[in-house]
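Coordinates in review
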Amino acid sequence: MSEAAPILEMRGISKTFGAVRALRGVDLTVWPGEIHALMGENGAGKSTLMKILSGAYHADPGGRMLVDGREVAIVSPLDALRLGVAVIYQELSLAPNLSVQQNV
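Residues numbered from 1 in each chain as written. Predicted model: local features only at pLDDT ≥ 70, side-chain atom pairs only at ≥ 80, totals over all residues. Heavy atoms only, no water.

Of the positions making up helix α1 (residues 46-53), those classed as buried are Thr48, Leu49, Met50, Ile52 and Leu53. Buried residues in α1 make contact with β1 (8-17), β2 (20-30), β3 (64-67) and α2 (77-82). (Buried < 20%, exposed > 50% of the residue type's maximum accessible area, 1.4 Å probe, protein only. Helix = DSSP H or I, 4+ residues; strand = E, 2+ residues; numbered from the N terminus. Contact = heavy atoms within 4.5 Å.)

Let's shift gears to the pairing of β3. When β1 meets β3, the two strands line up antiparallel, connected through four bridges. Paired with Glu9 across the strands is Leu66, a residue of β3. Direction of pairing for β3 relative to strand β4 (residues 70-72): antiparallel, over a ladder of three bridges. Its bridge partner lying in β4, Met65 is registered against Val72. The turn joining β3 and β4, which pair antiparallel and follow one another in sequence, is formed by two residues; a positive phi near 55 degrees is taken by Asp68. (Pairing = 2+ DSSP bridges.)

The next thing to look at is the sheet that holds β2. If you trace the four strands from one edge of the open sheet to the other, you get β2-β1-β3-β4, paired in antiparallel fashion. Looking along the sheet, the strands with just one partner apiece sit at the ends: β2 and β4. Recorded for the sheet is a direction-independent mean angle of 30 degrees between the axes of neighbouring strands. Against the sheet, α1 touches β1, β2 and β3, its axis set at about 115 degrees to β1. (Axes fitted to C-alpha atoms, helices over the stretch in contact; angles between N-to-C directions.)

This part takes up the environment of Lys46. Note on placement: Lys46 falls in helix α1. The class of Lys46 is partly exposed, set by a relative accessible area of 24%. Each C-alpha atom of the pair Lys46 and Val87 lies 12 Å from the other, and the pair is 41 residues apart in sequence. With near-sequence residues (within four places) excluded, Lys46 lies in contact with Leu38, Met39, Gly40 and Glu41.

What follows is about the confidence of the model for the protein chain. Across the protein chain, pLDDT averages 90, with 94% of residues at or above 70. Helix α3 (residues 100-103) is the least confidently modelled element of the protein chain, averaging 79 in pLDDT, while β1 averages 97, the highest of any element. (pLDDT = per-residue confidence, 0-100.)

For the rest of this paragraph, the subject is the pattern of salt bridges. Summed over the entire model, instances satisfying the criterion amount to two salt bridges. A salt bridge links Glu9 to Arg11, with the nearest nitrogen and oxygen atoms 3.3 Å apart. Look at Glu9 and you get buried, because its relative accessible area is 17%. Linking Arg64 and Glu71 is a salt bridge whose minimum nitrogen-to-oxygen distance equals 3.3 Å. (Salt bridge = Lys/Arg side-chain N within 4 Å of Asp/Glu carboxyl O.)

The following block contains the structure:
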């Protein structure tokens, strides 16, 4: 019986916007069956990391992403979808005239 391998690895991910360093050497590993929640203060880089994973942003050179043990380059949302990566972004704009179910 072989041991499970991570389904996603992000290693040394960095991102700068001009003089602002949003991410510095971030690592994330996801194993089969796990559920993750990214939490932190505003400006901590949660959305930036997920936008890199989803192909909406490009990471700075030097980091690596692996999906199912294979190094990948996700340069567009279509690339991410082809690899089975989908991100549901936080949405703060709810429709007050709709039920909770309808807002979801």
